[in-house]
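Close look at the chain arrangement
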Amino acid sequence: MKYVRLGKSGLKVSTVCLGTWHLPVSKERDSYGVFKVDVVQSKRVIGKAIDLGINFIDTANRYHGVLNDEDPEHAGTAEKILGQTIRGYDRESLVISTKVRGMVAYHENGEGLSRKHIMWQIRESLRRLNTDYVDIYLMHWPDVETPLEESLDAMIDLVKMGKVNYVGASNFHPEDIDFMVNYVRRAGAPFNVIQDQYSILRRGLETDKVPLAKRLGLGIMAFSPLAQGFLTGKYLDGIPQMSRASYVEKMKEWYFTEENIKFLREFHEIAKENGLKDSQLALSWVVKTGEVLGVSMIPTISVTSVEQLEENIEGVEYSMSNDVYRRLNELSRNFLNRRSEPPKTTRL
Ligand SMILES: NC(=O)c1ccc[n+]([C@@H]2O[C@H](COP(=O)([O-])OP(=O)(O)OC[C@H]3O[C@@H](n4cnc5c(N)ncnc54)[C@H](OP(=O)(O)O)[C@@H]3O)[C@@H](O)[C@H]2O)c1
């Protein structure tokens with residue numbers, strides 16, 4: 001495993017980050033009718049990732065591990081499982097990021113980026129994660145009802161209290177990011193990362209946030225680099241049972257267009273010609289793009305098995321030739337011009 005500095009900060013992270021939005025799923029449903037997380041497999045996958053050198057793990061206060069959407073009844077499960085797993089490891093060797101903003105309770109202050117909510121949620125996250133501090137605390141998406149300065153002052157205080165090492169933001173407008181980074185840094189606290197969606201099918205970030213990240217010295221955690229599994233080749237002949245698209249309706253809405261399926265077929269051919277799995281081609285394209293654009297771009301993946309994890313790590317480590325990179329960009333440009341955007345949402 002290779003390690004890089006996250007943006008211009010001194011923090012060193014593995015070139016791939018393991019996310020916990022989705023964890024291995026069991027076939028059983030709970031009393032709400034929601035599939036349960038397979039806790040044993042989840043711990044196995046996280047442990048294996050650490051054993052294979054991944055030191056960077058991402059979570060959020062609202063993550064369940066199977067549910068895609070916000071749901072206060074299920075929030076916190078992923079952090080709990082992660083906290084139980086890292087008990088067996090050297091905490092100081094790990095870089096843990098978590099997030100705050102999503103709805104975790106039904107009352108007025110049960111979500112958002114107010115000082116009250118942030119101070120409450122860091123206590124909850126630290127308790128579940130079984131740690132005294134998080135390495136990176138991300139604002140998950142904007143809260144238009146709270147002045148940005150109030151949220152940032154709370155984040156800065158958490159840094160000063162030693163509960164957070166670095167501040168970051170996810171799904172924010174570039175102008176907000178510029179403001180936030182300068183505000184936090186002026187107060188003497190480090191802001192070193194943004195987290196946004198990025199894959200060969202979703203390249204919006206390149207126009208504004210990549211140049212911004214370069215100028216401000218930020219790392220980029222590129223989430224859903226496999227387009228939630230769409231780019232792994234598993235959907236070429238329909239939707240396999242218990243794959244994410246089999247139980248996450250939104251995923252079908254977002255990715256399963258005629259155009260995208262056509263893209264998948266051509267993408268698959270290029271993977272085959274190069275002796276790679278589709279997932280590996282998709283991940284190595286993200287890494288290569290980071291190199292070409294001159295930013296630390298960290299693909300932030302989920303996996304539901306150790307086999308997927310191992311396959312994906314090989315993809316991240318594969319060094320893509322300039323020819324293949326050019327071909328993929330041509331293919332993507334042809335499709336990008338005609339593809340439809342997913343419904344606009346920051347509520348991932
Ligand atoms: N900040 C935000 O708003 C935000 C939003 C989304 C995600 N994130 C972060 O980014 C992480 C990754 O997002 P994501 O889960 O959408 O990422 P992704 O890596 O694009 O998709 C992961 C899914 O693809 C399937 N998969 C992965 N590797 C595979 C392989 N080799 N072969 C076949 N299938 C494979 C698995 O689903 P199945 O096996 O179930 O089909 C897996 O759960 C999350 O865990 C979270 O930490 C952040």
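Thresholds, definitions, all that
- Residues numbered from 1 in each chain as written.
- Predicted model: local features only at pLDDT ≥ 70, side-chain atom pairs only at ≥ 80, totals over all residues.
- Heavy atoms only, no water.
- Buried < 20%, exposed > 50% of the residue type's maximum accessible area, 1.4 Å probe, protein only.
- Helix = DSSP H or I, 4+ residues; strand = E, 2+ residues; numbered from the N terminus.
- Arc of directions from axis to C-beta.
- Contact = heavy atoms within 4.5 Å.
- Near = heavy atom within 4 Å.
- Polar contact = N/O pair within 3.5 Å; in protein donor to acceptor, adjacent residues only side chain to side chain.
- Areas by Shrake-Rupley, 256 points an atom, 1.4 Å probe, with all protein chains shown as cover.
- Pairing = 2+ DSSP bridges.
- Axes fitted to C-alpha atoms, helices over the stretch in contact; angles between N-to-C directions.
- Core = buried A, V, L, I, M, F, W, Y, C linked by side-chain atoms within 4.5 Å.
- Expected span 1.5 Å × (residues − 1).
- Parallel < 35°, antiparallel > 145°, perpendicular 65-115°, else oblique.
- Left-handed = near helix turned anticlockwise from the far one by under 90°.
- Nonpolar A, V, L, I, M, F, W, Y, C, P; charged D, E, K, R; others polar.

1. Structural notes on helix H6 (residues 205-216)
- Those residues of H6 that sit buried are Leu 205, Lys 209, Val 210, Leu 212, Ala 213 and Leu 216. An end-on view of H6 places all buried positions within 160 degrees of arc, on one side of the element. Facing away from the buried surface of H6 by more than 90 degrees, the exposed residues are Thr 207 and Arg 215.
- Those residues of H6 that are buried are in contact with helix H5 (174-186), strand E10 (191-197), strand E11 (219-223), helix H10 (278-293) and strand E12 (297-301).
- Phi turns positive, to about 70 degrees, at Gly 217, one or two residues after H6.

2. Describing the site of the ligand
- Surrounding the ligand, one finds 31 residues, the nearest of these being Asp 58, Ser 224, Lys 234, Arg 244 and Ser 302.
- Here an oxygen atom of the ligand sits 2.9 Å away from a polar atom, N or O, in the main chain of Gln 228.
- In this structure, Gln 308 approaches the ligand through a side-chain N or O atom, which is 3.0 Å from an oxygen atom.
- When isolated, the ligand has an accessible area of 910 Å², and the protein chains bury 97% of it.
- The set of elements that each furnish at least two residues to the shell around the ligand consists of E12 and helix H11 (306-317).
- For the shell around the ligand, the element with the highest residue contribution is H11, accounting for three residues.

3. With respect to the sheet that holds strand E7 (residues 95-100)
- Within the closed barrel, the eight strands sit side by side as E3-E6-E7-E8-E9-E10-E11-E12. Their pairing is parallel. The sheet shows a mean angle of 25 degrees between the axes of neighbouring strands, direction not considered.
- The pairing of E7 with strand E8 (residues 134-139) spans four bridges and is parallel. Bridge pairing links Ser 97 to Ile 136 in E8.

4. Here we look at the environment of Ser 125
- The topology assignment puts Ser 125 in helix H3 (residues 115-129).
- Judged by relative accessible area, Ser 125 falls into the buried class, the value being 0%.
- Sequence-wise, Ser 125 and His 140 are 15 residues apart; in three dimensions their C-alpha atoms are separated by 14 Å.

5. Brief notes about the nonpolar core
- Tyr 137, Met 139, Phe 191, Leu 231, Phe 267, Leu 281 and Leu 328 are the most contacted members of the largest nonpolar core, which has 99 residues in total.
- Counting residues per element, this core draws most heavily on helix H4 (residues 148-160), at seven residues.
- Residues in contact with Leu 328, not counting those within four places in the same chain, are Ile 200, Phe 267, Ile 270, Leu 281, Trp 285 and Met 320.
- One finds Val 13, Leu 138, Tyr 166 and Ile 298 within the second-largest nonpolar core, a separate group that totals twelve residues.

6. Regarding H5
- The end-to-end C-alpha distance of H5 is 18 Å, a good match for the 18 Å that 13 residues give at a rise of 1.5 Å each.
- Listed in full, the buried residues belonging to H5 are Pro 174, Ile 177, Asp 178, Met 180, Val 181, Tyr 183 and Val 184.
- Phi turns positive, to about 85 degrees, at Gly 188, one or two residues after H5.

7. Section: the pairing of E11
- Burial within E11 is extensive, with five of its five residues counted as buried.
- Side chains Gly 219, Met 221 and Phe 223 of E11 all project onto a buried face; the interleaved residues Ile 220 and Ala 222 project onto the opposite face, where all are buried too.
- In terms of strand pairing, E10 meets E11 through five bridges, oriented parallel. Bridge pairing in E11 links Gln 195 to Met 221.
- As paired elements, E11 and E12 share four bridges and run parallel to each other. If you follow Ala 222 over to E12, its bridge partner there is Pro 299.

8. Things to note about the packing of H6 against H10
- Their axes nearest at 11 Å, the elements H6 and H10 cross at an angle of 60 degrees. On the basis of their axis angle, the class for H6 and H10 is oblique. Of the two possible hands of crossing, H6 and H10 adopt the one that is right-handed. Within the contact between the two elements, H6 uses Glu 206, Val 210 and Lys 214 and H10 uses Trp 285, Thr 289 and Leu 293.
- Tallied by class, the residues present in the contact of H6 with H10 amount to three nonpolar, one polar and two charged.

That's the geometry; what it means functionally is another story.
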